[in-house]
Amino acid sequence: MIDIEVLSKLFNNYYYFAAIILFIIGFHTMLTHANLIKKIIGMNIMETAAFLIFVSIGYIEGGRAPILDEGFDQIYMNPLPQALILTGIVVAVSVTAYALSLIIKLYQHYGTVDADEIARIRSYKP
Amino acid sequence: MNLNYEHLPVIIVALLLLAAFLEPIVYRHKKSWAAPLVIASMAFFALSSLYLMAAVNYHGPFNYYLGGWAPPFGIELEIDYLAVFLLLTFSVIGLIAIVYGLQDLKHGLKDEVLGWYFTLYLLLMASMAGISVTNDLFNMYVFVEISAISACAIISIKESRECIEASLKYLILSTLGSGCILLATAMLYMITGHLNIGYLNDVLPRVMSHYPNNILISLGFFVVGYGVKAALFPLHVWLPDAHTAAPSPSSAVLSGLVIKVYAAAFLKVFLKAYPREIFLEIPVMEIVLFLSVLAILYGSIVAMVQEDIKKMLAYSSIAQIGYVFLGFSLMGQRAVAGGLLHIFNHAMMKSMLFLAAGIIIYSTGIRRIRDMKGLGVKLPLTMGAFTIGALSMVGIPGTNGFISKWQLALGALDLGRPIIVVVILLSSLLNCLYYMPIVINAFFGVKGEPELEIGKVPGVMLYSILFLGFGIIFFGIYPAPLLAFLQKTVTAIL
């Protein structure tokens, strides 16, 4: 029998659920794919999932940006996670750029971006 | 009271970052100033760390609020005994490695990338200083990422095939670790609303019964994240290639300092942020203990069969980081002090061994252990220093390696775990099995058929390893002040 309580919890926190699924997809892609570009894509998916979870912590349904206005009965969202994730995105972009530049160098050496192929070429030419 | 030294931690990080980004400009327009600039910044780092250590030792630890914003809103730096201990270790070893590196790098690197190398080196140092002093989990994550990128780039700067491959492997696994750390931080922020380590420690006991899953997930991700970065046993696969391919000064810093800074971050998160009751319910420290025991045995056994000297040293690092984690995961007073002491001692020994290996490669071009027969006659001082390092790795009394192993063994006995002592003894014997043949071969081995071509060893390189060798003996004979300081450190943490 399906536990209604668990399902409703999942449904109410669907953004966390989605983030965790994305995280696992990214993790899996990063570790199992031989294609280096796909590894980097997986890395980005994984980081995006972590960002999503961080940002959704601060989200409140119907809340607005924390700018003090007339009337004090507003619901404000927590701006801190968003500010943190801006930093996180910058870090992720620079890591991606650096990884891609390394892959370009590897491609110049081997003529392929496939990790298995590279391993084969290496063992072929000792 | 006027505390004019309290801005110093921020100034250290800011100045290192500033010097890092000035370095390429200086190198392009005024080439002869680039090397003095990097030495001057590192010397400033070392001197101010020494001053901070004296100040903290005299006046006690202090907290610094960045921009004057008090926590929980602002970022807090906590300059306690642990932070100054780490700062001093990193700065002194870093200074020696770069003084050595100035000669070695001209030999190993292309001329136009030397300025960039200094940039990366200073960035690495700045991020390690940042990790040491920060008291904020997200701030720590940012510094961890900076150090990950600069550590990878410091390997790939040689642009040979091996370096690029090793660096990419390191980068991918390191990013995996960062992702795990970020997710774990998110889990803690979700249930407590704090990123400050001190506040987390206050709030977590109250919320831990309501959100057991979050705590469990965060613990798991932190272990994996910091484990990958510090090369804890099953997550170490990137380390041997990366540390072998890098230029020698980089290897010394990567093996001696960079993996340690993540172990220290692990200590900060697990023993300062999480309340101790959690470890009674969730046996995560037992798992780390088990992994570190495996790391000690595995690293030593695999190191025995290596042919390349730098690869052997790299595998030995996997075993040695096991000691550090062993001390931390036992969570006893003397065990944690032993782990911290091993950070300092291993930083000295391993950087000296890597630098000595660098001299051997620099002057003879030999990398294979088998070819090192009779080298002790040709390079007596280098091999003499190597011998001191090897003895210290084995843990012969009179060297600093003995002191930290002794502390760890006593710490294990305090907690009633004699089996750990057996592991430490066994690993010492294994260390003996792979370090001693090199020493014996070098001094007593019969020379190979072709006469070795010995290039001239620059004095600076030789003096830097002799200085480290002197440090190994000094702290092996006179460890009392260091031990007393670590006693205070540990009392403050536990």
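Residues numbered from 1 in each chain as written. Chains lettered and ligands numbered in written order. Predicted model: local features only at pLDDT ≥ 70, side-chain atom pairs only at ≥ 80, totals over all residues. Heavy atoms only, no water.

Q: What's the story with the overall build of chain B in this structure? I'm lost.
A: Secondary structure assignment for chain B yields 20 helices and 2 strands. By principal-axis analysis of the C-alpha atoms, chain B measures approximately 75 × 60 × 45 Å. Counting over 494 residues, chain B shows a buried share of 65%. In chain B, the share of contacts with a sequence separation of at least 24, taken over all contacts with a separation of at least 6, comes to 80%. Element-wise, carbon and sulfur atoms account for 68% of the exposed surface of chain B, whose accessible area totals about 17200 Å². The distance from the centre of the 28 positive side-chain charges to the centre of the 25 negative ones in chain B is 6 Å. (Helix = DSSP H or I, 4+ residues; strand = E, 2+ residues; numbered from the N terminus. Buried < 20%, exposed > 50% of the residue type's maximum accessible area, 1.4 Å probe, protein only. Contact = heavy atoms within 4.5 Å. Areas by Shrake-Rupley, 256 points an atom, 1.4 Å probe, with all protein chains shown as cover. Lys, Arg positive; Asp, Glu negative; His and termini not counted. Charge placed at Lys NZ, Arg CZ, Asp CG, Glu CD.)

Q: What's the story with the pattern of salt bridges in this structure? I'm lost.
A: Oppositely charged side chains can pair when the atoms bearing their charge come close. Residue and element names in this part refer to chain B. What the rule picks out here adds up to 12 salt bridges over all chains. Across the pair Lys311 and Asp241 runs a salt bridge whose closest N-O atoms are separated by 3.3 Å. Note that Lys311 is positioned in helix H13 (residues 309-330) and Asp241 in helix H9 (residues 239-245), a separation of 70 residues in sequence. Given a relative accessible area of 23%, Lys311 falls into the partly exposed group. Salt bridges sharing partners connect three or more residues here, namely Glu78, Asp80 and Lys272. (Salt bridge = Lys/Arg side-chain N within 4 Å of Asp/Glu carboxyl O.)

Q: Mind showing me how you'd approach the interface of chain A and chain B here?
A: Where interface size is given, it is often the accessible area lost as the parts come together that is meant. The interface is formed by 37 residues belonging to chain A together with 30 residues belonging to chain B. When chain A packs against chain B, close to 3100 Å² is buried across both sides, 81% of that on carbon and sulfur atoms. It is Phe54, Tyr98 and Leu102 of chain A in chain A that bury the most area against chain B; as a group they hold 18% of the surface buried on that side. Taken together, the connections running from chain A to chain B amount to 1 salt bridge. Between Glu165 of chain B and Arg122 of chain A there is a salt bridge; the shortest N-O distance is 2.7 Å. (Buried area = accessible area lost by both parts, 1.4 Å probe.)

Q: Help me out: how do you make sense of the packing of aromatic side chains in this one?
A: Each aromatic ring pair is described using two quantities: the centre-to-centre distance and the angle formed by the ring planes. On inspection of all chains with the given rule, the structure shows 28 aromatic pairs over all chains. With 5.0 Å between their ring centres and 75° between their planes, Tyr15 of chain A and Tyr16 of chain A make a pair best called edge-to-face. Taking relative accessible area as the criterion, Tyr15 of chain A reaches 25% and is therefore assigned partly exposed. Look at Phe266 of chain B and Phe325 of chain B: their rings are 4.9 Å apart centre to centre, the planes differ by 70°, and that puts the pair in the edge-to-face class. Of this pair, Phe266 of chain B sits in helix H10 (residues 248-273) while Phe325 of chain B sits in helix H13, placing them 59 residues apart in sequence. Across the pair, exposure class does not vary: Phe266 of chain B and Phe325 of chain B are buried alike. Here the aromatic residues Phe222, Tyr226, Phe266, Phe270, Tyr274, Phe279 and Phe325 of chain B are joined through ring pairs into a cluster of three or more. The ring centre of Trp33 of chain B lies 5.5 Å from the NZ or CZ of Lys30 of chain B, which sits over that ring. (Phe/Tyr/Trp six-rings, centres within 6.5 Å; stacked < 30°, edge-to-face > 60°. Lys NZ or Arg CZ within 6 Å of the ring centre and 35° of its normal.)

Q: Would you mind going over the domain arrangement of chain B with me for this structure?
A: Residue and element names in this part refer to chain B. The domains assigned to chain B are domain 1 (1-271) and domain 2 (283-494). Centre-to-centre separation of domain 1 and domain 2, based on C-alpha positions: 22 Å. Taken together, the 45 residues of domain 1 in the interface contact 49 residues of domain 2. Summed over both sides, the interface between domain 1 and domain 2 buries roughly 4400 Å², with carbon and sulfur atoms accounting for 82% of that surface. (Domains from an automatic or database assignment.)

Q: I would appreciate a short explanation of the pairing of strand E1 (residues 62-65) of chain B in the present structure.
A: Regular strands place side chains that alternate from one sheet face to the opposite one. Residues and elements named next belong to chain B. Of the two faces of E1, only one is covered, namely that formed by Phe62 and Tyr64; the face formed by Asn63 and Tyr65 stays uncovered. Across 4 bridges, the pairing between E1 and strand E2 (residues 76-79) is antiparallel. From the neighbouring strand, Phe62 faces E2, where its bridge partner is Ile79. (Pairing = 2+ DSSP bridges.)

Q: Can you walk me through the confidence of the model for chain B in this structure?
A: For any part of a model where pLDDT is low, the fine detail of the predicted coordinates should not be relied upon. Within chain B, residue pLDDT values average 88, and 98% of them lie at 70 or more. Quick note on the complex model: pTM equals 0.92, ipTM equals 0.90. (pLDDT = per-residue confidence, 0-100.)

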